[in-house]
Each structure stands twice: as structure tokens, then as C-alpha cells.
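# Chain and residue survey
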Amino acid sequence: MIRIWNFCKKFFYKHIAKLLLLILVSVAVSLCTIMLPMISGKFVDFLTSQGKSNPKGLSFFLRVFLFVSIISMVLSYALNRLFTDLQSRISYQMNLYVVQNAQRLRLEYFQSKNTNRLSQQILSDTNTLTTFYLSFFQNIIINTVKAVLPVFIIFKLNIKLLIVIIVLLILYVVCYYWTRKKLYSASYNLKEEQASFFSSFYEQLHYVYYIRLHGMLNDFILKTTAPYLNLYNATMHSQNIQYLSSSADTVILMLGQLAVFFIGGNAVINREISMGNFTVLTTYFNMMVGAVRYFYSLGGSMQAALVSLDRICPFIDVCSESRNKQTLDKVNRIIVSNITFGYLNDDTIINNFSHEFFSGKIYSLCGANGCGKSTLLQLIVGLYEELGNGRILYDFVSINELDMNWMRRHKIGYVEQEPELLNETLRENIIQDSSFSNEYYKKLLKKLHLTEGGNEVLNRSNEKASTSFANISGEERPKIALIRELLKNPSILILDEPTASMDIESVNNFISIIQREKLYKIVIIATHDKRIIDISDEVICL
């Protein structure tokens, strides 16, 4: 419980006022719940003793019961609203926190991970933690009140039943410690298999083009069979463990009910208590046992919450990219010194590479496919923190001492070999900074032939990218990405095979733009294109 508290408290402190209000309303609701049985019991005694001689008393009880019931209903509505509001806000903030931490993890971490599964896992586990934590604060007060206050009433009416409750409490504690490890294990396996199954179903639609193109409608769907069988087995095993826990609860509750009937029934027969007090006694006994049962079920919920916390922790505990705050307004030189690098569990890709890159020059990286051109570009912009041997310096400052996220956002322009387009409007894909020059933007569109004919990007710039992708050619994507990066006015411009899908005229226009941009930038291009190599100031062969 302490681990859950330490993780969740920072999110709940931001809403401390609403959380305190939730607790107060919970106490008020529980007090109303406790008052109603007492009113009912007094009403039964009134009917059996003086109902005929005091008809006004009937009206009094009805008014009191109606008043308390209405207050309870209003408070319950307010309680549910507060709970839903807090759950929604805190769950969202927790999701953001975990995802932002995951985004800072080293890229190597994701090489062996299924991101669809990770997304489902984060959403599920943060929701579990938020719901558990909120429910704990809401119900712990209510059930504590229900467990404590009836003690005095039961003690006053029949001390034997209080002893029965103590025995039941001991039995519940023993059962919880007997089942808690089984509950944790079953919950962990179930969540893991759920994530795998949902991921396999996501792939069925994600790869729909591939499936249709290769006629795999009847084959690809079979990939869900194994995840389903694993999920089925995990679900059935979890159900068995839950049933084991609930069966113990049922047996203990049955023993308690038998004790109430036996002890309370004898007390009524021997005229030790009235029928109305027997009704009060059984109601409060059930209320108190219900509170004890809540704490018993809380143990199972806590095991599920611990599973969620343990599944989230790797996103936070894995060493992340440096968050140092040092930045550079301008980069005039990049020094790559004795870099040796290989991906996790792979052979060395780059071996003892050194070079210096200066502003005002175009550098072409050449070499066979797989020789490490793209990897070197990613190393230069700091996407991989662990370099093995060697250093990369910007104006004699190590990239490990720089806020590389800020640098990539403001001072580095990077056009990938296959540029990604976000599910936003095309204009939002291109323009990511409000300080851009609109005149320069239109000039680049025209220069790269993105404003010609009925297929012009400018005319579609307010459409969602998801509806426009079918009309965006492979040639247009790198142009869109290039404009996006040039609008940053970066000090470093990195281009990975930018002309691979361009026609001759587009390549000539691209060369014209790059030759002008190089005057104030370090331009590094990974390419096989002889036309780009010919206009480069230096050619580097890997």
C-alpha cells in the first residue's frame, strides 16, 4: 500500500480540495446509511407498542425517513459526480506522466517491444491505479464509520455478537494472507495476456492493406488464436482464484448469519431484547460484517493495483535520455570523435568513426545499404544516449550535457527516409511553430511544386491527414517534411535519402534550396544520388 501511495500522491495533491470534499461527502452518506436502520427499528417498536394510540407518530416517522432518504440520495449523487470528475482528471494526468517518461526512454528500449501492447498496458494500469486510490479514500471512510459506530450499539444490545464479529475478523485476515499471492499472480498473468490479445486484434486492422494485397484474409486472422487461448486460460485461472477467495468470504458470512439467528433469536425468545431491537441488531451486524468484507475485498483490489504499479514502473525506472538544461542558440561545428556503436544484441555497425562538420558546408554520407548511414545521423542528433566509445560535441559541448530534446525541437532539422505524417491537418503537419514566416512558407511550397494543379497540398492543408494520405504521393512526403524542418530555421539540417522518390525537376529545385540554406547551416545528407554528391563540399564514405 505504501508503494501505491508514494506513486499516486503527487497526482492527488493537485486536487486536494476536491479529494477532501469527497471524503466529507462520503462520511455524510455513511452517516445517513447508519441512521436509516435505527429509524426503521424505532418505527417497528412504535408500531408494536403505541401505533394505535398515537397516529401522529406514524406521520413523524414517515417524515423523518423521507427527509434522511432524500438527503442520502442528493449526497450520493454529489459523491458520484465528484468521484467521476476526479477519476477522469487524475487518470489523464497519470497517463500523461507515464507516457512522457516512456517517450524519454532510450530508443533501444523499444526495439523489442510491441508499442500497441505498451499503449494498452499504460491506459489499463493507470486507470486501475486511479480507481483503486480514489475508491480507497472514498470507501475507507465510509466502511470505517460503518465498522466502528455499530460496535457501541451491538455492545449495548448483545455483547455475544460483538465476540462473533471479532472471530469473523480473524478468519478474514487468515483467508486474505492465504490467497494474496495467488491473487497477485493470477491478476498479473491476466493483464499480460489481455495486453497481448488486444495487440493482436489491433494488428488485424493496422495491416489491413497488407492483408488485402496479399490475399491473407483467412490466414492473418489466425494470428489471434494463440493470444486468445492464452487469455482464455489466464481468465479461467483468475476466475478460479477469485472464486476461491469469494467462497471463503461466503462461508465466513454464512457462519456469521447463523450466529446472529441463534444468538439474536434466543434473546428475543427470552425477552432480553424487543423485536425492533432485533431488527436493529441484525441490520447493524450485517452493516459491520459488510464493512469487514470490504476490507477483505480491498486486499484483492490492492493486489491488482500492485500488479499495475509493477507493470508501469519499467517506464519510469529505465534510464532515460539526459534532461540537462544547457542549450545552444547556434551550432557552427559538430565534432564526431572515435564513435563505435551497435544496437542491442547486434554486431557493431559503426566502428571508430571520426569527422568534423562545419556550418556553410554540405556533407554527403555514402555507402552500401546497411553500412550505418542512418544510424550515424541518429547518433549525431542524440537519439541514442549510449555511444559505447567516443564523443559527439556541438561547438565543443558534449551532447550528453545538452538538452537534446530542445535542440531537436528548435535547432536541428531532421528529414527521415520515410517521413511520418501525424493524424492532423496537413498545415499542422508542416507548421509546428507560430513564429514561422508565411511568405517563406508559400515560397517553399511553390519552389517544391506543392501548389500546382488540383492535387495541391495548399488546397488540402486544412484536411485531416488521415483523409488526405491517399492523395499524398511518396514524392510529396519528403517535400512536406523538408518544409516543416526549414521553417524552424535550424543550425543543423539532416536529410536521409531525401531525393529517392523525386523526379528530375524536383531534385533540381531541392538542390537549389539546399545550396541556399547551407550558408548558415551544417547540412548532412545520407544519399546514393550522384546529383547530390556532385554539389557536396565533402563526401564521406562509410
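Data block above holds the structure.
Below or above, wherever it landed, is the structure these notes cover. (Residues numbered from 1 in each chain as written. Predicted model: local features only at pLDDT ≥ 70, side-chain atom pairs only at ≥ 80, totals over all residues. Heavy atoms only, no water.)

A count of helical and extended segments in the chain gives 16 helices and nine strands. Relative to its length of 542 residues, the chain is extended, with a C-alpha radius of gyration of 34 Å against a globular reference of 24 Å. Projected onto its principal axes, the C-alpha coordinates of the chain cover approximately 110 × 55 × 50 Å. A total of 542 residues make up the chain; the buried ones form 45% of that total. For the chain, the share of sequence-separated contacts (at least 6 apart) that also reach a separation of at least 24 residues comes to 81%. A total of about 28,400 Å² of accessible surface is found on the chain, and carbon and sulfur atoms cover 58% of it. (Helix = DSSP H or I, 4+ residues; strand = E, 2+ residues; numbered from the N terminus. Rg over C-alpha atoms; globule rule 2.2 N^0.38 Å. Buried < 20%, exposed > 50% of the residue type's maximum accessible area, 1.4 Å probe, protein only. Contact = heavy atoms within 4.5 Å. Areas by Shrake-Rupley, 256 points an atom, 1.4 Å probe, with all protein chains shown as cover.)

There is a patch of nonpolar side chains on the surface, built from Phe 155, Ile 159, Ile 163, Val 167, Leu 171, Val 251, Met 254, Leu 255 and Leu 258 and spanning about 810 Å² of accessible area. If you list the elements that add at least two residues to the nonpolar patch, you get helix 5 (159-206) and helix 7 (225-269). Counting through the fold element by element, Val 251 comes out in helix 7. We classify Val 251 as partly exposed; its relative accessible area is 43%. (Patch = residues over 30% accessible without salt bridge, like charges linked within 9 Å, V, L, I, M, F, W, Y side chains within 5 Å. Salt bridge = Lys/Arg side-chain N within 4 Å of Asp/Glu carboxyl O.)

Turning next to the sheet that holds strand 1 (residues 333-341). On the basis of which strands lie adjacent, the open sheet formed by four strands has the order 2-1-4-5 and antiparallel pairing. At either end of the open sheet lies a strand with only one pairing partner, and these are strand 2 (350-358) and strand 5 (397-398). Note that strand 4 (residues 389-394) and strand 5 share two bridges and pair antiparallel. If you follow Tyr 394 over to strand 5, its bridge partner there is Val 397. (Pairing = 2+ DSSP bridges.)

Glancing now at the environment of Asp 537. Its location among the elements puts Asp 537 in the loop between helix 16 (530-534) and strand 9 (538-541). Here the alpha-carbon distance between Asp 537 and Asp 503, two residues 34 residues apart in the chain, equals 23 Å. Residues within four places of Asp 537 in sequence aside, it is in contact with Gly 360, Lys 361, Ile 362 and Lys 518. A polar contact is formed between the side chain of Asp 537 and the backbone nitrogen of Ile 362, at a distance of 2.7 Å. (Polar contact = N/O pair within 3.5 Å; in protein donor to acceptor, adjacent residues only side chain to side chain.)

Within the secondary structure layout, Lys 146 lies in helix 4 (residues 115-157). Taking the C-alpha atoms as reference, Lys 146 lies 5.8 Å from Met 288; in sequence the two are 142 residues apart. Each residue touching Lys 146, except ones within four places of it in the same chain, is listed here: Thr 33, Ile 34, Met 287, Met 288 and Ala 291.

Glancing now at the pattern of salt bridges. Summed over the entire model, instances satisfying the criterion amount to 17 salt bridges. Its salt-bridge partner being Lys 18, residue Asp 85 comes within 2.7 Å of it at the nearest N-O pair. A residue pair is termed long-range when its members are at least 10 positions apart, and Asp 85 in helix 3 (residues 55-103) and Lys 18 in helix 2 (residues 16-50) qualify at 67 residues. A residue is classified by how much of its surface remains accessible, and Lys 18, at 31% relative accessible area, is partly exposed. Taking the shortest distance from any N to any O, the salt bridge between Lys 191 and Asp 125 comes out at 3.8 Å. Of this pair, Lys 191 sits in helix 5 while Asp 125 sits in helix 4, placing them 66 residues apart in sequence. When its relative accessible area of 0% is taken as the criterion, Asp 125 is described as buried. Among the charged side chains, a network of salt bridges with common partners joins Arg 117, Asp 125, Lys 191, Glu 192 and Arg 311.

Burial runs high along strand 7 (residues 492-496): five of the five residues are buried. Because side chains alternate across strand 7, one face comprises the buried residues Ile 492, Ile 494 and Asp 496, and the other comprises Leu 493 and Leu 495, equally buried. Bridge count between strand 6 (residues 412-415) and strand 7: four bridges; the pairing is parallel. Bridging across to strand 7, Tyr 414 finds its partner in Ile 494.

Either a parallel or an antiparallel arrangement is found when strands of a sheet pair, and the pairing is made through backbone hydrogen bonds. In space, the five strands of this open sheet follow the order 6-7-8-3-9, with parallel pairing throughout. Sheet topology places strand 6 and strand 9 at the edges, where each strand pairs with a single neighbour. The average undirected angle you get between the axes of adjacent strands in this sheet is 15 degrees. Here strand 3 (residues 361-366) pairs with strand 9 via four bridges, running parallel. Paired with Leu 365 across the strands is Ile 540, a residue of strand 9. Its contacts with the sheet put helix 14 (residues 476-486) on strand 6 and strand 7, and the angle it makes with strand 6 is roughly 175 degrees. Of the strands in this sheet, strand 3, strand 7 and strand 8 (522-526) are in contact with helix 15 (residues 504-517), which crosses strand 7 at around 155 degrees. (Axes fitted to C-alpha atoms, helices over the stretch in contact; angles between N-to-C directions.)

Moving on, we come to the packing of aromatic side chains. Per the counting criterion, the structure on display carries 21 aromatic pairs. On the basis of an interplanar angle of 25 degrees and a centroid distance of 6.4 Å, the ring pair of Phe 132 and Phe 136 is categorised as stacked. Of this pair, Phe 132 and Phe 136 both sit in helix 4, separated by four residues, roughly a single helical turn. When its relative accessible area of 6% is taken as the criterion, Phe 132 is described as buried. One aromatic cluster is present, built from ring pairs that chain together Trp 5, Phe 12, Tyr 13, Phe 132, Tyr 133, Phe 136 and Phe 137. (Phe/Tyr/Trp six-rings, centres within 6.5 Å; stacked < 30°, edge-to-face > 60°.)

With 66 residues, the main nonpolar core has Ile 4, Phe 7, Leu 129, Ile 154 and Phe 285 as its most contacted residues. Within the residue set of this core, elements represented by two or more residues are helix 1 (2-12), helix 2, helix 3, helix 4, helix 5, helix 7 and helix 8 (275-317). Among the elements that take part in this core, helix 8 stands out by supplying 18 residues, more than any other. When residues no more than four places from it in sequence are discounted, the contact partners of Leu 129 are Ile 4, Phe 7, Cys 8, Met 94, Ala 305, Ser 308, Leu 309 and Ile 312. Phe 341, Leu 365, Val 381 and Ile 399 belong to the second largest nonpolar core, which has 33 residues in total. (Core = buried A, V, L, I, M, F, W, Y, C linked by side-chain atoms within 4.5 Å.)

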